[in-house]
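Coordinate inspection notes
Chain by chain, the residues run as shown.
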Amino acid sequence: MAKPFSFTEEQLLTKEWVTEFVIPNKLCPFAGNTANKAGYAQYDLLDPNCIAYKQIEWLVNPIHPEYFNQFFFIFPSYKDKPFSAFIEELKDPIDDFIYDKGFDEHLSSAGFHPSYLHDIAEDDDEEELLPLNDPRNYTNRSPYPMVHVFKKDGLLQFKTFESLKQFQDKVVSTNDKLMSSFSETFWEEHKAKYLLI
């Protein structure tokens with residue numbers, strides 16, 4: 001069940017990670033533009049009746065003009081599950097819901113996980129994951145498994161690119177260089193602070 005009015009320890013650590021690591025390093029422009037309107041919702045499971053689906057609908061049809069324009073859906077119970085379970089049971093169902101509802105014109109999503117592994121295969125039908133300790137994985141490593149769903153129209157930088165994918169490719173390239181530039185000491189402190197692998 002979501003706890004919107006009283007932040008849990010997990011929500012507070014996630015918000016700290018977003019505001020003190022992601023935004024200052026410009027890792028995710030989707031979070032940085034309007035972070036003050038980000039919702040942090042925590043759930044144990046993603047079942048057909050999960051309120052997360054209703055919150056996604058609210059992003060497209062807000063119940064109030066000042067409502068959130070993005071959500072971080074946090075699933076602490078998946079922290080010790082395989083990364084593949086996170087993709088299959090959380091990230092993919094949310095993406096399918098966005099597509100099936102016709103929301104993909106307005107919304108997009110990004111997955112984050114303590115042991116996130118980037119797939120660098122050029123062919124969508126193949127899989128080529130980066131090694132576990134490759135620093136490029138840390139662009140998507142978060143304190144807890146979560147899916148970030150955000151509105152595309154709030155992304156000002158995106159409007160200078162021909163497509164969202166072109167923009168995302170540019171962000172990935174820039175982030176990869178940044179992640180590789182940090183020292184071992186930085187990573188040890190960062191991993192300890194945010195419970196990362």
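Residues numbered from 1 in each chain as written. Predicted model: local features only at pLDDT ≥ 70, side-chain atom pairs only at ≥ 80, totals over all residues. Heavy atoms only, no water.

1. Here's the deal with helix 4 (residues 83-100)
Here is the rule: The helix and strand labels rest on DSSP assignments: H or I over at least four residues marks a helix, E over at least two residues marks a strand, and numbering proceeds from the N terminus. By this rule the span expected of a helix is its residue count minus one, scaled by 1.5 Å. The bend at a residue is defined as the angle formed between two axes, one fitted to the seven residues ending at that residue and one fitted to the seven starting there. The classification of residues rests on relative accessible area computed with a 1.4 Å probe and restricted to protein chains. Under 20% of the type maximum is buried, over 50% is exposed, and intermediate values are partly exposed. Whether two residues touch is decided by their heavy atoms; if any such pair falls within 4.5 Å, the residues are in contact.
An ideal rise of 1.5 Å per residue puts 26 Å on 18 residues; helix 4 measures up with 24 Å between its terminal C-alpha atoms. Most pronounced at Asp-92, the bend in helix 4 amounts to some 30 degrees, and the proline Pro-93 follows within four residues. Within helix 4, the full set of buried residues consists of Phe-83, Ala-85, Phe-86, Leu-90, Lys-91, Ile-94, Phe-97 and Ile-98. Contacts from the buried residues of helix 4 go to helix 3 (51-60), strand 2 (70-74), strand 3 (107-112) and strand 4 (146-151). Count one or two residues on from helix 4 and you reach Gly-102, which has phi positive near 75 degrees.

2. Concerning the sheet that holds strand 2
Under the convention used in this document: Two strands are said to pair when DSSP picks up at least two bridges between them. Here, axes are lines fitted to C-alpha atoms. For helices the fit covers the stretch in contact, and angles between N-to-C directions go from 0 to 180 degrees.
Strand order in the open sheet formed by 4 strands is 1-2-4-3, with mixed pairing between adjacent strands. Pairing within the sheet leaves two strands with one partner each, and these edge strands are strand 1 (38-42) and strand 3. Each strand axis lies, on average, 20 degrees off the axis of its neighbour in the sheet, ignoring direction. Relative to the sheet, helix 1 (residues 9-22) contacts strand 1, strand 2, strand 3 and strand 4, its axis offset from that of strand 1 by approximately 145 degrees. Relative to the sheet, helix 3 contacts strand 1, strand 2, strand 3 and strand 4, its axis offset from that of strand 2 by approximately 170 degrees.

3. Examining the packing of aromatic side chains
For clarity, the threshold we go by: Stacked, tilted and edge-to-face are the three classes assigned to paired rings of Phe, Tyr and Trp, where Trp is represented by its six-membered ring and a pair needs centres within 6.5 Å; plane angles under 30 degrees give stacked, over 60 edge-to-face, the rest tilted. By definition here, charges over rings are those cases where NZ of Lys or CZ of Arg is within 6 Å of the ring centre and within 35 degrees of the ring normal.
One pass over the full model with this rule turns up 17 aromatic pairs. On the basis of an interplanar angle of 70 degrees and a centroid distance of 5.3 Å, the ring pair of Phe-68 and Phe-71 is categorised as edge-to-face. Residue Phe-68 is classed as partly exposed on the basis of its relative accessible area, which comes to 33%. Since its relative accessible area comes to 1%, Phe-71 is described here as buried. A network of ring pairs unites the aromatic residues Tyr-43, Phe-68, Phe-71, Phe-73, Phe-75 and Tyr-78 as a single cluster. When the ring centre of Tyr-144 is taken as origin, the NZ or CZ atom of Lys-79, which lies over that ring, is 5.2 Å away.

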